[in-house]
Amino acid sequence: GIPDLTVEVRDAGGQTCGEVQQLAAGHPNGDAICDSIQAIESTCCPSAPADPCTFCDGGIPDLTVVVPEAGGQTCGQVLQLAAGHINGDALCNTIQAEQSTCCPSAPA
């Protein structure tokens, strides 16, 4: 499934993953629009790395909170971003530093 239907797909004219999913349902495999949708599938359905970056393991009370240091992204968007990185890499460490905003009870 799609972890966050509200994520905006960069190459889809501002449509969200949910909107792209609805569009895909109306096209058979192999047609040009379906092929285009499948080409951007990794944005909405990223594959998890072997040791995914952990972020707010205890849960996020409010996915809509905006993280000031993340360019206006919400906690939900940062959570999705974390899932595409590996524990210990530089971006994961940066993401984890924002846990105090999204899940105040987690260690920073």
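Summary of the structure given here.

What counts as what
- Residues numbered from 1 in each chain as written.
- Predicted model: local features only at pLDDT ≥ 70, side-chain atom pairs only at ≥ 80, totals over all residues.
- Heavy atoms only, no water.
- Disulfide = S-S within 2.5 Å.
- Helix = DSSP H or I, 4+ residues; strand = E, 2+ residues; numbered from the N terminus.
- Buried < 20%, exposed > 50% of the residue type's maximum accessible area, 1.4 Å probe, protein only.
- 1 Å grid on protein atoms, 1.4 Å probe; cavity = no way out; pocket = protein on both sides within 12 Å on 5 of 7 lines; lining within 4 Å.
- Points joined across faces, edges and corners; volume = space filled by probe spheres on them.
- Nonpolar A, V, L, I, M, F, W, Y, C, P; charged D, E, K, R; others polar.
- Core = buried A, V, L, I, M, F, W, Y, C linked by side-chain atoms within 4.5 Å.
- Contact = heavy atoms within 4.5 Å.

Quick notes on the state of the cysteines
For step 1, the next point in the chain: If you walk through the whole model with that rule in mind, you get four disulfides.
For step 2, the next point in the chain: In this model Cys 56 forms its disulfide with Cys 103; the gap between the sulfur atoms is 1.9 Å. Since a negative S-S torsion denotes a left-handed disulfide, the Cys 56-Cys 103 link at about -80° is left-handed. One end of the pair, Cys 56, is in the loop between helix H3 (41-44) and helix H4 (75-83); the other, Cys 103, is in the segment after helix H6 (99-102), and 47 residues separate them in sequence.
For step 3, the next point in the chain: By relative accessible area, Cys 56 is classed as buried at 5%.
For step 4, the next point in the chain: Using a relative accessible area of 3% as the deciding quantity, one classes Cys 103 as buried.
For step 5, the next point in the chain: In the protein, the cysteines engaged in disulfides, taken in order along the sequence, are linked 1-2, 3-6, 4-8, 5-7.
For step 6, the next point in the chain: Unpaired in terms of disulfides, Cys 34 finds its nearest cysteine sulfur in Cys 45, a separation of 13 Å.
For step 7, the next point in the chain: What makes Cys 34 buried here is its relative accessible area of 7%.
For step 8, the next point in the chain: With no disulfide of its own, Cys 45 lies closest to Cys 44 among cysteine sulfurs, the gap being 5.9 Å.
For step 9, the next point in the chain: On the basis of relative accessible area, Cys 45 is assigned to the partly exposed category, the value being 32%.

Section: the layout of surface pockets
Over the atoms a probe the size of a water molecule is rolled, and this reveals where empty space is left.
For step 1, the next point in the chain: What the largest pocket holds in volume is close to 440 Å³.
For step 2, the next point in the chain: Considering the residues around the largest pocket, the lining is formed by 14 residues, among which Val 7, Glu 8, Arg 10, Thr 43 and Leu 81 are closest to the centre.
For step 3, the next point in the chain: Contributing elements (two or more residues each) for the lining of the largest pocket: H3 and H4.
For step 4, the next point in the chain: Taken together, the residues that form the lining of the largest pocket break down as five nonpolar, six polar and three charged.
For step 5, the next point in the chain: The computed volume of the second largest pocket comes to approximately 210 Å³.
For step 6, the next point in the chain: Lining the second largest pocket are 15 residues; nearest its centre among them are Val 20, Gln 21, Ala 24, Ile 37 and Glu 41.
For step 7, the next point in the chain: Elements with a contribution of two residues or more to the lining of the second largest pocket: helix H1 (17-25), helix H2 (32-39) and H3.
For step 8, the next point in the chain: If you tally residues by element for the lining of the second largest pocket, the top one is H1, at four residues.
For step 9, the next point in the chain: Taken together, the residues of the lining of the second largest pocket sort by class into nine nonpolar, five polar and one charged.

Description of the nonpolar core
For step 1, the next point in the chain: Residues Cys 53, Phe 55, Cys 56, Ile 60, Val 67, Cys 75, Val 78, Ala 82, Cys 92, Ile 95, Cys 102 and Cys 103 constitute the largest nonpolar core, which totals twelve residues.
For step 2, the next point in the chain: Elements with a contribution of two residues or more to this core: H4 and helix H5 (90-96).
For step 3, the next point in the chain: Ranked by residues supplied to this core, first place goes to H4 with three residues.
For step 4, the next point in the chain: Those residues in contact with Ile 95, other than ones at most four positions away along the chain, are Phe 55, Val 78, Leu 81, Ala 82 and His 85.

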